[in-house]
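These are the residues of each chain, in order.
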Amino acid sequence: MCSSHNATIYDIANLIREKWPEYSIPTEFEGIDKNIPVVSFSSKKLEGMGFSFKYTLEEMFRGAIDSCREKGLLPLSTQSHSNGENKESTLNSQKKHITIDNQDDLHSVTKEKQMESGANGKCERI
């Protein structure tokens, strides 16, 4: 296992809050100490063989967030106006609407979506 960056859940939460303020990211996590130690995985051996990491931590999260937004897996915002309405569209408005007339069409659409996202193309809502 190797890692280009070492970060705790708090470091990642701070990054997302700073770069994507439209998302409501907590500042504390129940059951996780604020002074949690960073777990490091050494990449010295790989780097010694000439390997170099291509993306920064921010670039990795930017790619993941942009990809999930494009696929309709992540809302554009989780912030609310003072009147309680969503500031941006949510997942429901991003989804493409399709009509399925029979079971074969359902399997076809499901398989197509799986191919679009890749075998492991799952994103969880933030």
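Basis of the calculations
- Residues numbered from 1 in each chain as written.
- Predicted model: local features only at pLDDT ≥ 70, side-chain atom pairs only at ≥ 80, totals over all residues.
- Heavy atoms only, no water.
- Core = buried A, V, L, I, M, F, W, Y, C linked by side-chain atoms within 4.5 Å.
- Buried < 20%, exposed > 50% of the residue type's maximum accessible area, 1.4 Å probe, protein only.
- Helix = DSSP H or I, 4+ residues; strand = E, 2+ residues; numbered from the N terminus.
- Axes fitted to C-alpha atoms, helices over the stretch in contact; angles between N-to-C directions.
- Parallel < 35°, antiparallel > 145°, perpendicular 65-115°, else oblique.
- Left-handed = near helix turned anticlockwise from the far one by under 90°.
- Contact = heavy atoms within 4.5 Å.
- Phe/Tyr/Trp six-rings, centres within 6.5 Å; stacked < 30°, edge-to-face > 60°.
- pLDDT = per-residue confidence, 0-100.

A. Representation of the nonpolar core. Among the nonpolar cores identified, the biggest contains ten residues, and these are Tyr10, Ala13, Ile16, Trp20, Tyr23, Ile25, Phe29, Ile65, Cys68 and Leu74. Only helix 1 (9-19) and helix 3 (57-70) provide two or more residues apiece to this core. With three residues, the top contributor of residues to this core is helix 1.

B. Highlighting the packing of helix 1 against helix 3. Relative orientation of the contacting elements helix 1 and helix 3 amounts to 65°, with a least axis distance of 11 Å. Taken together, the axis directions place helix 1 and helix 3 in an arrangement best described as roughly perpendicular. Note on packing geometry: the crossing formed by helix 1 with helix 3 is right-handed. For the pair formed by helix 1 and helix 3, the contact residues are Ile12, Leu15, Ile16 and Lys19 on the first element and Leu57, Glu58 and Phe61 on the second.

C. Structural context of the packing of aromatic side chains. According to the stated counting rule, one finds two aromatic pairs in the structure shown. Note on tyrosine 10 and phenylalanine 29: the rings are 5.3 Å apart at their centroids and 65° apart in plane angle, and the pair reads as edge-to-face. Of the two residues, tyrosine 10 sits in helix 1 while phenylalanine 29 sits in the loop between helix 1 and helix 2 (44-48), which places them 19 residues apart along the sequence. Here tyrosine 10 and phenylalanine 29 have matching classes, each one buried. Summarising the aromatic geometry, the rings of phenylalanine 51 and phenylalanine 53 are spaced 5.0 Å apart at their centres and angled 90° between planes, so their arrangement reads as edge-to-face. Under the relative-accessibility criterion, phenylalanine 51 is labelled partly exposed at 38%.

D. Representation of the confidence of the model for the protein chain in the model. The share of residues in the protein chain with pLDDT of 70 or more is 62%, and the mean pLDDT across the chain is 75. Of all secondary-structure elements in the protein chain, the lowest mean pLDDT belongs to helix 4 (residues 91-94), at 38, while helix 1 reaches the highest, 96. In this model residues 86-111 is a low-confidence stretch, pLDDT under 50, and it forms 28 contacts with partners more than four residues away in sequence or in other chains. Within the model, the stretch residues 113-126 combines pLDDT values under 50 with 14 contacts to residues more than four positions away or in other chains.

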